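Structural features, examined
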Amino acid sequence: MSIKPVRTIAVYTGDAGSVARGNFGWARGRANDSIIEGENIEGLRDRILQDLNEGIVVALGFECPLFLPIPRDPSMLGKARIGECTPETGNRPFSAPAGACSTITGLVELAWLLRAIREAQPEVAGTLDWEDIREGRANLYLWEAFVTGKEKATSHASDAVLGVRAFLAAMSDPMAATAVSAEEPLSLAGAALVWSGMARSDSLKKSSPVLRPIPSI
């Protein structure tokens, strides 16, 4: 499959939570279009596949930590990523119980999705590099939504809507808008891409843009 330079992008956010207990939500939006919501992971899979089948590039965000810091200083191991703890987000580093739980929950859900997508479309190309999208080398981009603390909405799906809006606002250069960074990151998003067969092992050392909700006006 030849991937053309990007013209149309569909932005998705999955809000990680227990699928078995009905605590999963997702949203999809495009520039100058309405945002739709869903509450099951199969519906998210099917909608992504529909977009890819129509030649639409997908930017898929997950509301859970998608990279971990591996600092050189051992006294810093397990400390929050840069920008992770603010008055709005609270003291919620990736290594706190809630962050660790959402990391594992979201990672297995993301890996499930990527496997399902690749099995349905073996030629899909995933990336953590926005230039790959700009230049048409890939058609699936992964990023991290950070919706927590005072910035949360009222449901998993509405949290996902906030993530979609944040990415749409930053779409010209998502990495420049990142709210969180880390020293020598270990990429969980990259691990999921490699595991699914969508990307090479160099994805394991790349961070993803982390986007917070747009402040209310």
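Refer to the structure presented above.
As a starting point, this report considers the structure included with it. Just so we're clear, the structure is a prediction, and the values are computed from it rather than from any experiment. (Residues numbered from 1 in each chain as written. Predicted model: local features only at pLDDT ≥ 70, side-chain atom pairs only at ≥ 80, totals over all residues. Heavy atoms only, no water.)

Moving on to the pattern of salt bridges. Applying the stated criterion to the full structure yields 14 salt bridges. Among the ionic contacts, a cluster of salt bridges with common partners joins Arg28, Arg47 and Asp51. (Salt bridge = Lys/Arg side-chain N within 4 Å of Asp/Glu carboxyl O.)

To describe a pair of aromatic rings, one takes the distance between the centres and the angle between the planes. In the structure shown here, the tally under the stated rule is six aromatic pairs. For the ring pair Phe24 and Phe62, a centre distance of 6.3 Å and an interplane angle of 50 degrees mean the geometry is tilted. Placement of the pair is Phe24 in the loop between β1 (9–15) and β2 (25–29) and Phe62 in strand β4 (residues 57–62), with a sequence separation of 38 residues. The structure contains a cluster of three or more aromatic residues connected by ring pairs, namely Trp130, Tyr141, Trp143 and Phe167. The aromatic ring of Phe67 is capped on one face by Arg81, whose charged end is 4.7 Å from the ring centroid. (Phe/Tyr/Trp six-rings, centres within 6.5 Å; stacked < 30°, edge-to-face > 60°. Helix = DSSP H or I, 4+ residues; strand = E, 2+ residues; numbered from the N terminus. Lys NZ or Arg CZ within 6 Å of the ring centre and 35° of its normal.)

Further remarks concern helix α1 (residues 41–53). The terminal C-alpha atoms of α1 lie 18 Å apart, and with 13 residues this matches the ideal 18 Å at 1.5 Å per residue to within 8%. Listing the buried residues of α1 in full gives Ile41, Leu44, Arg47, Ile48, Leu49, Asp51 and Leu52. Tucked into the core, α1 has its buried residues touching β1, β2, β3 (36–38), β4 and α2 (97–120). Regarding α1, its N-cap is Asn40, as a side-chain oxygen of that residue lies 3.3 Å from the backbone nitrogen of Glu42 further along. (Expected span 1.5 Å × (residues − 1). Buried < 20%, exposed > 50% of the residue type's maximum accessible area, 1.4 Å probe, protein only. Contact = heavy atoms within 4.5 Å. Polar contact = N/O pair within 3.5 Å; in protein donor to acceptor, adjacent residues only side chain to side chain.)

Looking now at the layout of surface pockets. Volume-wise, the largest pocket comes out at about 420 Å³. Those elements that place two or more of their residues in the lining of the largest pocket are α2, β7 (140–145) and α4 (156–169). If one sorts the elements of the lining of the largest pocket by residue count, α2 sits on top with five residues. Looking at the lining of the largest pocket, its residues break down into 11 nonpolar, seven polar and eight charged. (1 Å grid on protein atoms, 1.4 Å probe; cavity = no way out; pocket = protein on both sides within 12 Å on 5 of 7 lines; lining within 4 Å. Points joined across faces, edges and corners; volume = space filled by probe spheres on them. Nonpolar A, V, L, I, M, F, W, Y, C, P; charged D, E, K, R; others polar.)

Where α1 contacts α2, the axes come no closer than 10 Å and their chain directions differ by 40 degrees. Put simply, α1 runs oblique to α2. Helix-helix and strand crossings are classified by hand; for α1 and α2 the assignment is right-handed. For the pair α1 and α2, the contacting residues are Ile41, Glu42, Leu44, Arg45, Ile48, Leu49 and Leu52 in the first and Glu109, Trp112, Leu113, Ala116, Ile117 and Ala120 in the second. Among the residues forming the contact of α1 with α2, the class breakdown is 10 nonpolar, no polar and three charged. (Axes fitted to C-alpha atoms, helices over the stretch in contact; angles between N-to-C directions. Parallel < 35°, antiparallel > 145°, perpendicular 65-115°, else oblique. Left-handed = near helix turned anticlockwise from the far one by under 90°.)

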